[in-house]
Amino acid sequence: MNIHEYQARELFQKFGVASPKGKAAFTPEEAEQAATSLGASQIVVKAQIHAGGRGKGTFDNGFKGGVHLCKTPAEARHLAEQMLGHALITHQTGPEGKLVSTLLVAEAVDIAKELYFAILFDRTTSAPMVIASTEGGMDIEAVAEHTPEKIIRVSVDPLIGLQPYQTRKIAAALGLRGSLMTQATKLFTALYRTYTETDCTLVEVNPLVVTPDNRLLALDAKFNFDDNALYRQPGVAALRDKSEEDPREVAASEFNLNYIGLDGNIACLVNGAGLAMATMDIIQHAGGKPANFLDVGGGATKEQVTAAFNIILGDKAVKGILVNIFGGIMDCDVIAHGIVDAAKETGLSLPLVVRLEGNNGPAGKKTLAESGLKLQSASTMADAADKIVASVHAA
Ligand code: ADP
Ligand code: MG
């Protein structure tokens, strides 16, 4: 799960990460009021979307840039009028862009140096890793590709946490000395606490800036939280903005289904993540393209199967469905009844291929055969993939 920058700022305040003052605004009037109440001589108005590269983005009305500096509340209002209600297109949003319905109005600071600082979960070492660079503000991927020596990496032992000698080492590598090193130690430690105590998988500050009067401040914030830990982070879960997410994935999460939308046209409904991956592979192998990854889990109920069909049918790109179930713990006949009911309830008219194998398989096949539904049974995965690809091509 991701959050907006204005929400990230609230977490920064809670954990003591230094950042400029700011307020969220949902209308041009609120942007003007926020700018007035900040009482700053320089103001920045920032579009809030779950994507980076906003500074260099363009709005669908032709307005350039999702991050703007201005001096007066009236100017902040004028900027807000051109940004709110429009989609912002950046290199991370795709061509349709993302609708901007919130702005962050913050105090603008003078910048002497832009740095990069992030903490992320490193799967190779199974431990948190700090990544920092003197080349902040820009595309860190480009820095990593062209000048990898400018990226500092420090692995953190999760049992003892980020140690003072490590924060000093990172600060020194970033050229932060004297009072800046003291501030860096405080800021890095606070960010590490934010990372662990809110169950993040990523906290990225780009840029982390040094001001001409030697203050160290986090100007931008990107957070990524571990979805599997949200149950114990109600405060974080409350920050979720469903309008930023794929509506199909939101619906799936409400029924505890593991769903990821893809861009093909053959929908898959499978039990077990490994089987779901193998099913996607075999569809590709047979010359088709999967429309989704969908794992209904080891013990799916009839309600979940119906919800899964509804999500699949809500996707206009879907031209055929492949159900691939291996009954281990699951009873194939229960799934068969689920499929029949769901197909009838949703008025399914697309080609449907079902492969049921395992626990109580023959009873499941019988249920499907006697249902009167227009479906094709398949005996092996290869057979199932060939049948659905052929049906979709013929349709
Ligand atoms: P994005 O990464 O989505 O482009 P940022 O928040 O990093 O958005 O903003 C882009 C640039 O705008 C920053 O690199 C910085 O130069 C400038 N900027 C952002 N916030 C402020 C601020 N509070 N004061 C001054 N400049 C800012
Ligand atoms: Mg940034």
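Shown above is the structure to which this text applies.
Heads up: these notes are all about the structure in this document.

Parameters at a glance
Along each chain, the written sequence defines residue order, and numbers are assigned to residues from 1. Whichever chain is written first is A, and whichever ligand is written first is 1; the rest continue in order. Local features in this predicted model are restricted to residues of pLDDT 70 or higher, and side-chain atom pairs are both shown and tallied only at a pLDDT of 80 or more, whereas totals for entire chains, interfaces and linings draw on every residue. The side-chain quantities take in all heavy atoms of the structure and omit both hydrogens and water. Because no water is among the atoms considered, metal sites can look incomplete, with donors defined as N, O and S atoms within 2.8 Å of the metal, or 3.2 Å for Na, K and Ca. Elements are defined by DSSP. Helices are runs of H or I of four residues or more, strands are runs of E of two residues or more, and each kind is numbered from the N terminus. Burial classes follow relative accessibility: with a 1.4 Å probe on protein chains only, a residue under 20% of its type's maximum area counts as buried, one over 50% as exposed, and anything between as partly exposed. Each aromatic pair joins two rings of Phe, Tyr and Trp (for Trp, the six-membered one) with centres within 6.5 Å, and gets the label stacked for planes under 30 degrees apart, edge-to-face for over 60, and tilted for any other angle. What makes a residue near a molecule or strand is one non-hydrogen atom of that residue sitting within 4 Å of it. Any N or O atom pair separated by 3.5 Å or less is treated as a polar contact, with the protein-specific requirement of one donor-capable and one acceptor-capable atom, and with residues adjacent in sequence counted only for side-chain atom pairs. Throughout, the Shrake-Rupley method with a 1.4 Å probe supplies accessible areas, and for residues the shown protein chains are the sole cover considered. Three classes are used, and their members are as follows: Ala, Val, Leu, Ile, Met, Phe, Trp, Tyr, Cys and Pro are nonpolar, Asp, Glu, Lys and Arg are charged, and the others, Gly among them, are polar. Segment limits for the domains were obtained from an automatic or database-derived domain assignment. Strands are treated as partners if at least two bridges between them are detected by DSSP. Here, axes are lines fitted to C-alpha atoms. For helices the fit covers the stretch in contact, and angles between N-to-C directions go from 0 to 180 degrees. Should any heavy atoms of two residues lie within 4.5 Å, those residues are considered in contact.

## Quick word on the coordination of the magnesium ion (ligand 2)
Right, on to step 1. For the magnesium ion (ligand 2), the full set of protein donor atoms is Asn206 (O) and Asp220 (OD), at a range of 2.2 to 2.3 Å. Remark: Asp220 occurs in the loop between strand 12 (216-218) and strand 13 (222-225) and Asn206 occurs in strand 11 (residues 200-210); sequence separation between them is 14 residues.
Right, on to step 2. A residue is classified by how much of its surface remains accessible, and Asp220, at 21% relative accessible area, is partly exposed.

## So, the packing of aromatic side chains
Right, on to step 1. Scanning all chains against the criterion turns up six aromatic pairs.
Right, on to step 2. Seen from their ring centres, Tyr6 and Phe26 are 6.4 Å apart, and the 90 degrees between their planes marks the pair as edge-to-face. With a gap of 20 residues between them, Tyr6 in helix 1 (residues 5-15) and Phe26 in the loop between strand 1 (22-25) and helix 2 (28-38) connect regions that are remote in the sequence.
Right, on to step 3. Judged by its relative accessible area of 43%, Phe26 is partly exposed.
Right, on to step 4. With a centroid separation of 5.8 Å and an interplanar angle of 50 degrees, the aromatic rings of Phe12 and Phe223 are classed as tilted. Of this pair, Phe12 sits in helix 1 while Phe223 sits in strand 13; the two residues are 211 residues apart in sequence, bridging distant segments of the chain.

## Side note on the site of ligand 1
Right, on to step 1. Taken together, 17 residues are adjacent to ligand 1, and Lys46, Arg54, Gly55, Val109 and Glu114 come closest.
Right, on to step 2. Within the side chain of Lys46, a nitrogen or oxygen atom sits 2.7 Å from an oxygen atom of ligand 1.
Right, on to step 3. Note that an oxygen atom of ligand 1 is positioned 2.8 Å from one of the backbone N or O atoms of Gly55.
Right, on to step 4. When ligand 1 is considered free in solution it has 540 Å² of accessible area, and contact with the protein chains removes 84% of it.
Right, on to step 5. For the shell around ligand 1, the secondary structure elements donating two or more residues are strand 2 (43-47) and strand 11.
Right, on to step 6. Classifying every residue of the shell around ligand 1 by side-chain character gives eight nonpolar, four polar and five charged.
Right, on to step 7. For the shell around ligand 1, the domains that each give at least three residues are domain 1 (21-107) and domain 2 (113-237).

## Examining the sheet that holds strand 1
Right, on to step 1. Judged by pairing direction, the sheet is antiparallel, and its four strands sit side by side in the order 1-7-2-4 without closing on themselves. Looking at the sheet topology across the chains shown, the edges are occupied by strand 1 and strand 4 (67-70). Averaged over all adjacent pairs, the angle separating strand axes in this sheet is 20 degrees, with direction ignored.
Right, on to step 2. Note: strand 2 against strand 4, four bridges, orientation antiparallel. Looking at strand 4, one finds that Val44 is bridged to Leu69.
Right, on to step 3. Across the sheet, helix 2 touches strand 1, strand 2 and strand 7 (103-107), and the angle it forms with strand 7 is around 20 degrees.

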